[in-house]
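Residues per chain are reported as follows:
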Amino acid sequence: MGQDFAEMLNAGRGPFEGGLGLVITSATTERVEGIVDLDPARHTQPWGIIHGGVYCTIIESLASIGAAINVMPEKTSAGIENQTSFLRSVSGGRVTGVATPVQRGRQMHLWQVEVRDDRDRILAHGRVRLVIRDIQPAT
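Residues numbered from 1 in each chain as written. Predicted model: local features only at pLDDT ≥ 70, side-chain atom pairs only at ≥ 80, totals over all residues. Heavy atoms only, no water.

K.L.:
How would you explain the overall build of the protein if you had to name every residue and give the values?
P.N.:
What the protein contains, in helices and strands, is four helices and six strands. Taken from the N to the C terminus, the helices and strands of the protein come in the order α-α-β-β-α-α-β-β-β-β. Along the three orthogonal principal directions, the C-alpha set of the protein runs to about 45 × 30 × 25 Å. When contacts within the protein are restricted to residue pairs at least 6 apart in sequence, long-range pairs at least 24 apart make up 61% of them. When the accessible surface of the protein is summed, it comes to about 7,700 Å², and 50% of that surface belongs to carbon and sulfur atoms. Within the protein, the 15 negative side-chain charges are centred at a point lying 5 Å from the centre of the 14 positive side-chain charges. (Helix = DSSP H or I, 4+ residues; strand = E, 2+ residues; numbered from the N terminus. Contact = heavy atoms within 4.5 Å. Areas by Shrake-Rupley, 256 points an atom, 1.4 Å probe, with all protein chains shown as cover. Lys, Arg positive; Asp, Glu negative; His and termini not counted. Charge placed at Lys NZ, Arg CZ, Asp CG, Glu CD.)

K.L.:
Could you give me a rundown of the environment of isoleucine 80, with the residues and numbers involved?
P.N.:
With respect to the element layout, isoleucine 80 can be found in strand S3 (residues 75-86). On the basis of relative accessible area, isoleucine 80 is assigned to the partly exposed category, the value being 47%. Residues isoleucine 80 and valine 131, spaced 51 residues apart in sequence, show a C-alpha to C-alpha distance of 6.6 Å. (Buried < 20%, exposed > 50% of the residue type's maximum accessible area, 1.4 Å probe, protein only.)

K.L.:
An account of the sheet that holds strand S4 (residues 93-104) is needed here, citing residue identities and associated values.
P.N.:
Read from one edge to the other, the open sheet built from six strands follows the order S1-S2-S4-S5-S6-S3, with strand pairing classed as antiparallel. Here the strands that pair on one side only, and so sit at the sheet edges, are strand S1 (23-27) and S3. Shown here is a sheet whose adjacent strand axes are inclined to one another by a mean of 25°, direction ignored. Relative to strand S5 (residues 108-117), S4 is paired through nine bridges, and the arrangement is antiparallel. Note that in S5 the partner of arginine 104 across the bridge is histidine 109. Helix-sheet contacts for helix H4 (residues 52-71) involve S1, strand S2 (32-38), S3, S4, S5 and strand S6 (122-134), and the interaxial angle to S3 is about 150°. (Pairing = 2+ DSSP bridges. Axes fitted to C-alpha atoms, helices over the stretch in contact; angles between N-to-C directions.)

Dropping the structure here:
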């Protein structure tokens, strides 16, 4: 299956993903998987269900990681479209997101992601289109 980048990604994760609680459990060029333990005090909307932005963040993050590890170290990726469908609501528990490539071109990638609960029910499905870019030197 190829090199697994999960340990490297968790060590260097940004504050946004860290604040969400996203932990990458596996990351190869063919599949990226991550988990989030949903905390009702931090991840819910006022009506007690998990906020849709949590699912969008999981989907965007996993797809971006997948595209990035496919083109590194010469290039990087940036999301340009995230289409997320919310299929079932929950109020907590552990969710698992799995991203797989649909299309990997030289200039664009398309990744699909499913987010499932601990009973393997699909909660959200998304597709993220990403542009492949040259790495810009630090200024």
